[in-house]
Amino acid sequence: MYNFDFEKPSTIADAVSALGTEDAQALGGGQTLLPTMKQRLASPSKLVSLKGIAEMQGICTGDDGALCIGGATTHADVAAGAGAYAGLAGLAAGIGDPAVRARGTIGGSLANNDPAACYPAGALASGATIVTNAREIAADDYFQGMFTTALDEGEIITEVRFPVPEASNYQKFEQPASRFALVGVFVAKFADGVRVAVTGASEDGVFRWSEAEAALSGNFSADAIVDMAPGADGMISDLHGTAAYRAHLVGVLTRRAVAAALSLPT
Amino acid sequence: MPKDSGIGASPKRREDVRFLSGTGNYTDDIQVTGQAYVHFLRSDVAHAKINGLNLDAASAMPGVVKIFTGADFEGVGGIPCGWQVTDRHGEPMQEPAHPVLAQGKVRYVGDQIAAVVAETLEQARDAAEAIEVDLEELPAVVDMKAALAEGATKVHDDLTSNLCYDWGFVEENKPAVDAAFEAAAHVTTLELRNNRLVANPMEPRVAIGDFNRATGESTLYTTSQNPHVIRLLMGAFVLGIPEHKLRVVAPDVGGGFGTKIFHYAEEAFCTFAAKALNRPVKWTSTRSEAFISDAHGRDHVTKIELALDADNNFTALRTDTYANMGAYLSTFAPSVPTWLHGTLMAGNYKTPLIYVNVKAVFTNTVPVDAYRGAGRPEATYQLERVIDKAARELGVDPIALRRQNFITEFPYATPVAVEYDTGDYHGTMDALEKMADLSGFEARRKESEARGKLRGFGVNCYIEACGIAPSNLVGQLGARAGLYESATVRVNATGGIVVMTGSHSHGQGHETSFPQVIAEMIGIDESMVEIEHGDTANTPMGMGTYGSRSIAVGGSAMVRATEKIIAKAKKIAAHLMEAAEADIELKDGAFSVAGTDKSVAWGDVTLAAYVPHNYPLEDIEPGLEETAFYDPANFTYPSGAYACEVEVDPDTGKVTIEAFNAADDFGNIINPMIVDGQVHGGIGQGIGQALLENAAYDENGQLLSASYMDYAMPRASDVPFYGVDHSSQTPCTHNPLGVKGCGEAGAIGSPPAVVNAVVDALRSGGHDIHHIDMPVSPSRVWQAMNG
Ligand SMILES: Cc1cc2nc3c(=O)[nH]c(=O)nc-3n(C[C@H](O)[C@H](O)[C@H](O)COP(=O)(O)OP(=O)(O)OC[C@H]3O[C@@H](n4cnc5c(N)ncnc54)[C@H](O)[C@@H]3O)c2cc1C
């Protein structure tokens, strides 16, 4: 690890100004950033911890019924506190291990946009709104490929607003070593249609599987997508699975998510 | 009633108090006053010429003490190989130079280019980044068969090819074996890979070199399974330091699994640099570094053929193996695919004719050497897989086919040069069938099928050879070392005992089990016995711990030394009681005169030995301390039968282990709890190999699974509660304890059971599959099911 300065502001405004320093970087739970720094693969001049900012912590329900999660809220807190949105709480409960969940944050996960991370699927399938210090970004515009997002330099995710669907579920098939998602599928059924978001599978990062969405919007049952799978083109192929295998898993997991969503509360 | 002390009891492991309370003394816990830190600059390419190294900027960095390169080691010895294999034409293997720091070329990702010694570790790392390295990349040799092709790039320019040796065993048997195949009623053939593994002990390697200018003595603290071996190899072959000026200390070691047997360049470097700089030098491997610098294990590609007659008797076995050596020969690498593998090819079966061919190959990968089981898992895996395949091809029950071919008469001389002293293969199979509730399997399979899952049952047998010996034989086979073990038993004046053993404990529990043996022999409490190991300064020359040899060889040495103690103590007791020595009996810690009520306590005798006022000084010396070296007459041959039950999710290919049962014959057992633990750990590693672990290289020689993000270690949730049975016991006939060793059995016996079970499950689902290479990952299973 290289030397760096450290600041822990207590307001968003102070954090934004601290991040004005060249090569300064926001620090959420440090579950991605710190290992990268230990490997000397990142060398921020300054870390600005977001953990001291009270207004970025916790979960509440907005006037429109959406679940509002502070950008620095840990996975453990979402797992325990997002009961109103069981699909999302389940997703958070399945990230990493207890130590990772106790430190890692929703803002950090979405800012990082790892192609095998779970939250991107949850946010995209929910049609969530990513709220930053500067603006509000629709999930559909936010994810722009592996490790790439709409965020500008120094922009902080302060909150994420999740419309709560009628039924939802996240199915994660673990990569055997990292236990990130080899493929993860989040299905959310809203009054006006079904959204299906897939993580882990595509070389372009998280994506919406529109073919399944169309079929499920007409008939929200696993039978509606029997034998359906996206094409293998553009899927990730690596040590842990071929593109064809990943494409196949997308179909399997989507059917399982639908079945689970139907049998479980929201 | 179970015993509560002595042989056969299961006292809790006394070493665990310090291991579990954070008070162990591991090498990295040692801080030598004034120590500097070393960081190795390692190659990030697999094969390249070093055109130049510019150290100017780096040397001027803050805190840098000195930067060493290969040039500093000219005239210094290379890392030696401890075993020379002779090939099928009578020629010695090709043995490349193995410099401490790379000279002229780097040959694998991880090869040491330079070593930076600095005041702090961070300064050393900073300076390493400032070294300008001019590397000219060369094509990487990764695939073994390609490495042997005409015109292939050579890993070592001064060798004639990438072939280390072409070994045939037993060469004279080859024509008869070939003829038996011609005459066979049925031949089953299987091609498979025994996947490359990274050992991953919990504690990464550490080395600290220290030099005392006043005495001229060098000390190396290191994470080793065998400090005396390191002292001999490094002292005699690399640095030219005689043993009396070199001390090697291996304190608490957090797991070895074989990978801490070998003498590594980092050990020689730290010892060398400490003297050159007159300053202690410390290196602690990071986990990332361990992946590319600890010797890897396995990595065999094999074609095996089994010939059977019309009655399904095995008539001949023929194997053709490519064994990856990596870029250099690690300490015992050449012995693993040969003498630790070919000699085990008979397994538990009376196959009369066997021929084993092994081509050992150099590639631009991390050196490969012994890993838990070393050669024996590779032998067992291919044999037990091909037998399963034969059973399926012939439509016979895999257990019945095995039983029909079991060796039943002992001693049994195999056609691959070893003689099994004892065993009862039907006995372990009987125990297994009971434990695994074989008769209930069909019902369990139906229940799984009702849930949409495929269930499979896989069984296999194994034979292990532990405590490789005797020294004069292994010398003929090419070992450049003896394979005895030593113990000094020091009885103190008030009766307590310290055993200084050449065995080394790095998780095996010697500090608990060894005292049980002495307590049993003398009839005293185990708490009166302490075990010292790991420091060449206070233990007799010993060969250390690997190959499940500690209790069979080290324990035997301790028994022999204790017998000498008892003989002398009886003389003293006879004197104290004015009786004839022949009439003295030792029981429950007291000496008595047969047929009388006279007795003296153990403590009275030991006190007399050190306060010899009333003592036969004219006949015997004062004191009570004896040493024994024990060189076994033969290997020991533990054996067993293992069964695995899996469920396969046909939608995803995911395999879950539903049950795993192990029936082992370890001969006599000292501490059943510790033995259970060794079996559990071994099976865990075997399941890891079978389902998860894979050290995979890409075609450029980059290790794809170089961290836990991609290298899948087994976790608690990946393994079931094991059933373990060691009721079948045929004691070893040639060591004093009748013990056989148990450290590797689990890792040897479990992978084929898992794969056999997966194949069984898939076939029950109508998939005409005979084999899936390990690790049997979800992706591979799905691929196999979907063509
Ligand atoms: C062992 C292990 C297992 C894991 N398993 C999983 C898993 O199964 N599924 C999964 O999804 N993830 C997994 N993770 C990743 C984990 O969820 C991380 O917590 C997450 O990816 C990053 O969140 P963080 O708060 O730790 O961010 P940090 O590591 O602190 O930061 C990551 C990046 O985001 C930036 N950042 C942080 N917070 C903000 C913010 N509020 N606004 C803008 N930018 C910000 C940082 O500058 C940095 O670039 C795992 C991690 C580990 C170590």
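For the structure itself, look to the data block above.
Residues numbered from 1 in each chain as written. Chains lettered and ligands numbered in written order. Predicted model: local features only at pLDDT ≥ 70, side-chain atom pairs only at ≥ 80, totals over all residues. Heavy atoms only, no water.

Draft legend 1. The arrangement of the overall build of chain B in detail. Regarding its fold elements, chain B presents 19 helices and 28 strands. Taking 787 residues into account, the globule formula puts the C-alpha radius of gyration at 28 Å, and chain B, at 27 Å, falls close to it. Overall, the C-alpha framework of chain B stretches about 85 × 75 × 50 Å when taken along its three principal axes. Accessible surface computed for chain B: about 27,000 Å², of which carbon and sulfur atoms make up 51%. Here chain B contributes 61 positive and 102 negative side-chain charges, whose respective centroids are spaced 1 Å apart. (Helix = DSSP H or I, 4+ residues; strand = E, 2+ residues; numbered from the N terminus. Rg over C-alpha atoms; globule rule 2.2 N^0.38 Å. Areas by Shrake-Rupley, 256 points an atom, 1.4 Å probe, with all protein chains shown as cover. Lys, Arg positive; Asp, Glu negative; His and termini not counted. Charge placed at Lys NZ, Arg CZ, Asp CG, Glu CD.)

Draft legend 2. Structural detail: the environment of Asp5(A). Residue and element names in this part refer to chain A. Relative to the assigned elements, Asp5 resides in strand β1 (residues 5–7). Spatially, the C-alpha atoms of Asp5 and Val226 are 54 Å apart, while their sequence positions differ by 221 residues. Contacts of Asp5, omitting those with residues within four sequence positions, involve Ser45, Lys46 and Leu47. (Contact = heavy atoms within 4.5 Å.)

Draft legend 3. Fine view of helix α17 (residues 672–692) of chain B. All names here are of chain B. With 21 residues, α17 extends 29 Å from end C-alpha to end C-alpha; this agrees with the ideal 30 Å at 1.5 Å per step. Burial within α17 is extensive, with 15 of its 21 residues counted as buried. Two or three places before Met673, at the start of α17, stands the capping residue Asn671, its side-chain oxygen 3.0 Å from that residue's backbone nitrogen. (Expected span 1.5 Å × (residues − 1). Buried < 20%, exposed > 50% of the residue type's maximum accessible area, 1.4 Å probe, protein only. Polar contact = N/O pair within 3.5 Å; in protein donor to acceptor, adjacent residues only side chain to side chain.)

Draft legend 4. Here's a closer look at the interface of chain B and chain A. Each side of the interface is counted separately: chain B has 26 residues, and chain A has 22 residues. Summed over both sides, the interface between chain B and chain A buries roughly 1,900 Å², with carbon and sulfur atoms accounting for 50% of that surface. Considering only the surface of chain B that becomes buried against chain A, Met709(B), Arg715(B) and Trp782(B) emerge as the three largest contributors, covering 25% of it. Seen at the junction of chain B and chain A, the total is six salt bridges. (Buried area = accessible area lost by both parts, 1.4 Å probe. Salt bridge = Lys/Arg side-chain N within 4 Å of Asp/Glu carboxyl O.)

Draft legend 5. Representation of the sheet that holds strand β7 (residues 136–138) of chain A within the structure. All names here are of chain A. If you walk across this open sheet you meet the five strands as β4-β5-β8-β6-β7, and the pairing is antiparallel. The sheet terminates laterally at β4 (59–61) and β7, the two strands that pair on one side only. Going across the sheet, the axis of each strand differs from the next one's by a mean of 25°, ignoring polarity. Looking at chain direction, strand β6 (residues 129–132) and strand β8 (residues 157–162) are connected through four bridges and run antiparallel. Along β8, the bridge assignment pairs Val131 with Glu159. (Pairing = 2+ DSSP bridges. Axes fitted to C-alpha atoms, helices over the stretch in contact; angles between N-to-C directions.)

Honestly, that's just the spatial picture; any functional story needs more than this.
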